[in-house]
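Spelled out from the first residue to the last, the chains are:
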Amino acid sequence: MSDTNTTASPGASLNGHSAENDGAGTSVPLPPLEAGIEEEREYVAALYQRLDELREENQSQLSKVRATGAVGTMQNISERDAFATMYEDRLAQLNAVDDRLVFGRLDLDNGESRYIGRIGLSSAARQRLMLDWRAPEAGVFYQATAFERHGVRRRRHLLLKRRAVQGLEDEVLDASVLEEGTENHGDGALLAALTARRTGQMGDIVATIQAEQDRIIRADRSGILVVQGGPGTGKTAVALHRAAYLLYAYREQLKSAGVLIVGPNSTFMSYIDRVLPSLGETGVVMSSLADLYPGIRGVEETDSRVAELKGRLDWVKIIERAVDHRRRNIPEPREVSVEGVKVQVTPKMIKRGIERAKATGKPYNEARATFVKVMVKEIADKLERILQKRSEGNDTDRSYLVEDVRLSREVRILLNLCWMPRTPQALLEDLFSRPSYLAAVAEEFTDQERELLTREPGSPFTTADVPLLDEAAELLGELDESAGREEARQQAAREKDLENAQKAVENAAPQLEEMGIEGFLDAESVAALNAETGPRLSAADRALVDRSWTYGHIVVDEAQELSPMQWQILMRRCPVKSFTAVGDTAQGSSPSAASDWQKAFAPFIDDRLRVEELTVNYRTPRIIVELAERVAEANGLATTSLRTVRDGDYEPVIETFTEAEELVAAAVAGVAAEQQRLEEGLIAVITPETMISEVRDALVARYGKRVGKGAGSMTQDVVALTAAEAKGLEFDGVVLLEPAELLEEADGKVGSLYVAMTRSTQSLRILAARDLPPGF
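Just so you know, these numbers come straight off a predicted model, no measurement behind them.

## A few points about the overall build of the protein
Consideration 1: Helix and strand counts for the protein stand at 32 helices and 23 strands.
Consideration 2: Within the protein, contacts between residues separated by at least 24 positions form 74% of all contacts whose residues are at least 6 apart in sequence.
Consideration 3: When the accessible surface of the protein is totalled, it reaches about 34400 Å², and 48% of it is carbon and sulfur.

## Examining helix H18 (residues 424–433)
Consideration 1: Residues of H18 that are buried include every one of Pro424, Leu427, Leu428, Asp430, Leu431 and Phe432, and no others.
Consideration 2: In the core, the buried residues of H18 are packed alongside helix H12 (304–310), helix H13 (314–325), helix H19 (435–441), helix H20 (447–453) and helix H21 (466–476).

## Notes on the sheet that holds strand S8 (residues 164–172)
Consideration 1: Read from one edge to the other, the open sheet built from 6 strands follows the order S5-S6-S4-S3-S7-S8, with strand pairing classed as mixed. Only two strands of the sheet have a single neighbouring strand rather than two, namely strand S5 (121–122) and S8.
Consideration 2: One ladder, built from 5 bridges, connects strand S3 (residues 102–108) with strand S4 (residues 113–117); its direction is antiparallel. Bridge pairing links Val102 to Gly117 in S4.

## A closer look at the packing of aromatic side chains
Consideration 1: Under the criterion given, the structure shown has 10 aromatic pairs.
Consideration 2: Consider the rings of Phe103 and Phe141, whose centres lie 5.9 Å apart with planes at 65°: the pair is edge-to-face. Here Phe103, found in strand S3, pairs with Phe141, found in helix H4 (residues 140–143); they are 38 residues apart in sequence, far enough to count as distant. Assigned by exposure class, Phe103 and Phe141 land together as buried.
Consideration 3: With a centroid separation of 5.6 Å and 55° between ring planes, the pair formed by Trp315 and Phe445 is classed as tilted. With Trp315 in helix H13 and Phe445 in the loop between H19 and H20, this residue pair connects regions lying 130 residues apart in the sequence. For the pair shown, Trp315 and Phe445 are each scored as buried.
Consideration 4: Through a chain of ring-to-ring contacts, three or more aromatic side chains come together here, namely Trp567, Phe579, Trp597 and Phe601.

## Thoughts on the sheet that holds strand S22 (residues 731–737)
Consideration 1: One open sheet accounts for 5 strands, arranged S19-S23-S22-S20-S21; its pairing is parallel. Since the sheet does not close on itself, it has two edges, and those belong to strand S19 (653–656) and strand S21 (718–722), each with one partner. If you compare each strand with its neighbour and ignore which way they point, the axes differ by 20° on average.
Consideration 2: Bridge count for S22 against strand S23 (residues 760–768) is 6 bridges, and the pairing is parallel. Considered in S23, the bridge of Gly733 is made with Ser763.
Consideration 3: Its contacts with the sheet place helix H28 (residues 662–678) against S19, strand S20 (683–687), S21, S22 and S23, and it is angled at close to 155° to S23.

## Here we look at the nonpolar core
Consideration 1: By size, the foremost hydrophobic cluster in this structure holds 82 residues, and its most contacted members are Trp315, Phe371, Leu431, Trp567, Leu570, Phe579 and Phe601.
Consideration 2: The element best represented in this core is helix H15 (residues 364–390), accounting for 10 residues.
Consideration 3: If you look at the next biggest cluster of nonpolar residues, it comprises 73 residues, including Ile209, Ala219, Leu742 and Ile766.

## A few points about the side chain of Arg242
Consideration 1: Along the chain, Arg242 turns up in helix H8 (residues 235–249).
Consideration 2: Look at Arg242: it is buried, it has no salt bridge, and the nearest opposite charge is Asp220 at 6.7 Å.

## As for the side chain of Glu112
Consideration 1: Following the sequence through the fold, Glu112 ends up in the loop between S3 and S4.
Consideration 2: For Glu112, a relative accessible area of 18% translates into the label buried.

## Side note on the UniProt feature "binding site: ATP" (unreviewed entry) in the protein
Consideration 1: Residues given the UniProt feature "binding site: ATP" (unreviewed entry) here are Gly229, Gly230, Pro231, Gly232, Thr233, Gly234, Lys235 and Thr236.
Consideration 2: Taking the relative accessible area as the measure of exposure, Pro231 reaches 2% and is therefore buried.
Consideration 3: Structurally, the position occupied by Lys235 is in helix H8.
Consideration 4: We classify Lys235 as buried; its relative accessible area is 9%.
Consideration 5: Every residue in contact with Lys235, bar those within four places of it in the chain, is listed here: Val227, Gly229, Gly230, Val582, Gly583, Asp584, Gln587 and Leu614.
Consideration 6: At 3.0 Å, the side chain of Lys235 forms a polar contact with the backbone oxygen of Gly230.

## Overview of a negative patch on the surface
Consideration 1: On the surface, a cluster of negative charge is contributed by Glu659, Glu661, Glu662, Glu694 and Asp697.
Consideration 2: Residue placement: Asp697 occurs in helix H29 (residues 692–703).
Consideration 3: What makes Asp697 exposed here is its relative accessible area of 55%.

## Here we look at H28
Consideration 1: For H28, spanning 17 residues, the distance from its first C-alpha to its last is 24 Å, which sits close to the expected 24 Å at 1.5 Å a residue.
Consideration 2: Within the sequence span of H28, burial applies to Leu663, Val664, Ala666, Ala667, Val668, Gly670, Val671, Glu674, Gln675 and Leu678.
Consideration 3: Tucked into the core, H28 has its buried residues touching S20, H29, S21, S22 and S23.
Consideration 4: Positive backbone phi, approximately 75°, marks Glu679, located one or two places after H28.

## Remarks on the environment of Met375
Consideration 1: Here Met375 shows up in helix H15.
Consideration 2: In contact with Met375, other than residues within four places in its own chain, are Val345, Met349, Ile350, Gly353 and Leu415.

## Topic: the pairing of strand S14 (residues 553–556)
Consideration 1: Taking every second residue as pointing to the same face, both faces of S14 are buried, with His553 and Val555 on one and Ile554 and Val556 on the other.
Consideration 2: Two strands pair when backbone bridges link them, and strand S10 (residues 259–263) and S14 are joined in this way by 4 bridges, in the parallel orientation. Each bridged residue has a counterpart across the sheet, and for Val262 the counterpart in S14 is Val556.
Consideration 3: As defined by bridge partners, S14 adjoins strand S15 (residues 579–583) across 3 bridges and the pair is classed as parallel. In the sheet register, Val555 faces S15, and the bridge partner there is Thr580.
Consideration 4: Handedness of the S14-helix H25 (residues 564–573)-S15 crossover: right-handed.

## Here we look at the packing of H18 against H21
Consideration 1: At a minimum axis separation of 9 Å, H18 and H21 run at an interaxial angle of 120°. As judged from the angle between their axes, H18 and H21 are oblique. When you trace H18 past H21, the crossing you get is right-handed. On H21, the residues touching Pro424, Gln425, Leu427, Leu428 and Phe432 of H18 are Leu468, Leu469, Ala472, Ala473 and Leu476.

## Remarks on the pattern of salt bridges
Consideration 1: Per the stated rule, a full pass over the model turns up 58 salt bridges.
Consideration 2: As a salt-bridge pair, Arg114 and Glu112 come within 3.4 Å of each other at their nearest N and O atoms.
Consideration 3: Judged by relative accessible area, which is 15%, Arg114 ranks as buried.
Consideration 4: When the shortest N-O distance is used, the salt bridge between Asp324 and Arg327 registers 2.7 Å.
Consideration 5: With relative accessibility at 35%, the residue Asp324 sits in the partly exposed group.

Parameters and conventions
- Residues numbered from 1 in each chain as written.
- Predicted model: local features only at pLDDT ≥ 70, side-chain atom pairs only at ≥ 80, totals over all residues.
- Heavy atoms only, no water.
- Helix = DSSP H or I, 4+ residues; strand = E, 2+ residues; numbered from the N terminus.
- Contact = heavy atoms within 4.5 Å.
- Areas by Shrake-Rupley, 256 points an atom, 1.4 Å probe, with all protein chains shown as cover.
- Buried < 20%, exposed > 50% of the residue type's maximum accessible area, 1.4 Å probe, protein only.
- Pairing = 2+ DSSP bridges.
- Phe/Tyr/Trp six-rings, centres within 6.5 Å; stacked < 30°, edge-to-face > 60°.
- Axes fitted to C-alpha atoms, helices over the stretch in contact; angles between N-to-C directions.
- Core = buried A, V, L, I, M, F, W, Y, C linked by side-chain atoms within 4.5 Å.
- Lys, Arg positive; Asp, Glu negative; His and termini not counted.
- Salt bridge = Lys/Arg side-chain N within 4 Å of Asp/Glu carboxyl O.
- UniProt positions renumbered as here; feature names shortened; annotations may be inferred.
- Polar contact = N/O pair within 3.5 Å; in protein donor to acceptor, adjacent residues only side chain to side chain.
- Patch = residues over 30% accessible without salt bridge, like charges linked within 9 Å, V, L, I, M, F, W, Y side chains within 5 Å.
- Charge placed at Lys NZ, Arg CZ, Asp CG, Glu CD.
- Expected span 1.5 Å × (residues − 1).
- Right-handed = clockwise from strand over helix to strand, strands pointing away.
- Parallel < 35°, antiparallel > 145°, perpendicular 65-115°, else oblique.
- Left-handed = near helix turned anticlockwise from the far one by under 90°.

Below is the structure:
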């Protein structure tokens, strides 16, 4: 959205609503708060009217473009698709921001008022109506304080429910405004957001971003930015808002490459998937660690020892050896039959073919084409000499011999024996199902460790396997021997498409600028629409199915949990090393969890690591935080002491039982007790893995459809999760079962228990049949 320097003022057109008639012909002034709300309702209604107008305009234009059909020259078609893409993208954005479109207003020293919203809006006459929250001029909405006002006299928070203004809150930064008697004090936008009922879907914090969060959100995109923060500090929200900000501030650099957001599991990804669309961004790629390799969804690695072994960077060398091991020479000469003629193939010939193929520097499968070509030629030459000798020097044309050799079954068997085509999946399955193969290439591991890695053929791939598959794919390359020729053909066609697309964008630019929506289109997007084959995909869609896709920026949540090999796959996905990694070293629970950020990134970067810290817990009440920190420290975990925004209204409840069999019934009763004291809200039962199925069944028996069916369903009143599934989520109330067993499941690491204890925004109930860990 392009804005002019003029700003619509709420003043003149809204002042008529500052009073109401008392029914007797006299005008009675409204109280300041009600007058302010009435004033804002009219302006907000005008903003929504403009939003609806823009939707209608774009839908109408899109319908016209689609009605023209694919006619005319290639450039005409490109121009049509350019406009279609623009209108589709714009409509997606306008539809996504309908709920609580505007949330703030700034009154400045110069008399100007600025409205702050999810996107920028201008009138048909190009008068600025509302600033995008990411615009530089909007930054003071989050940064201004009474000590450093940045020219702001008053900051107003507009409290909307969908399209309706429900209230407002003023923060007066200039004392002289107090004399005007215009201040209005609401319930507090931040506290209202913090105490609102949880819905099972993460909400954005765009209306209540705090100064320390805003500084991180707007930081430069270069290098690796680590955001360290304890529970409830808003790390995930900051990461998502930063992704939206970077796409706004660096749109030209990031639109075609895109931004990847990586989370720990599918539950978490489902939890956050509505945030970015609500901020005006719809083209971001989101993936869990299990889904980073196209076509594979990794299952959980059940043995933490195996997960730790697979997370080591040793696999970079091991996979390289495993690939090289697939190239084999023959121990002694072999005879092959070509059309009934016997030809001897020697180890020296095979060695020469392998060396020439490796010298190309191509990946294994692609270099194999060179090996086959060299060997077929050498065998054909040898065959020709045999035939010439038999025919006593007859110079008959024998160019057909190359094809005869290529088609020979015995030649194909021999060449496959020496250099068999391989997929990453087949390579990894061979490694883990054949102990002799693993022993030959994994000298870094002990016999016991290799035994742990052994599994049955056909076993499903795990999340820990995903980086190993990616490493193998990088070294193996494409399996299709014609891929190189096809790639060259496609590249030539693509260059022509780009040239046509660029001309189309240039022709469309004046009209886009006139409409005030430039920036939604580039030549890459138009060229993709004109691809000759396959479905028309956005950059995000293409990235999801293309393992070799590289991104302009990657955001990683729960970054402390990643193994070195998982970082290896992400570094390959972003060669420019532009990352935002958010996490908390105290919450680490995986076998490879990082305890030091510098050490975690040392294998991948030099000195481009910046660490920012979030210090305020917005989610969890102080009375719960104090208990969680006490338990963590009593069990050897150092945590960062956080300032909390709220004390909390509900003291944690600890109940102990004599028999473990009582816990499931107690969990069901605990949910009822939490619902009664909170009156409403989302209640989570966090259990050890051994109890999760039984607890879910008991909850369904008691609460029926009100219970979320599995970890992926977070939209009901009640949900049962393991500690790992609860990571990154938040609930109104938490019922936590058997803390001692949660510690055991994590091999004594306190991170999982600490995470589970800090998921609540209101209340915590702990149920235990075993002795409680120290600190309780």
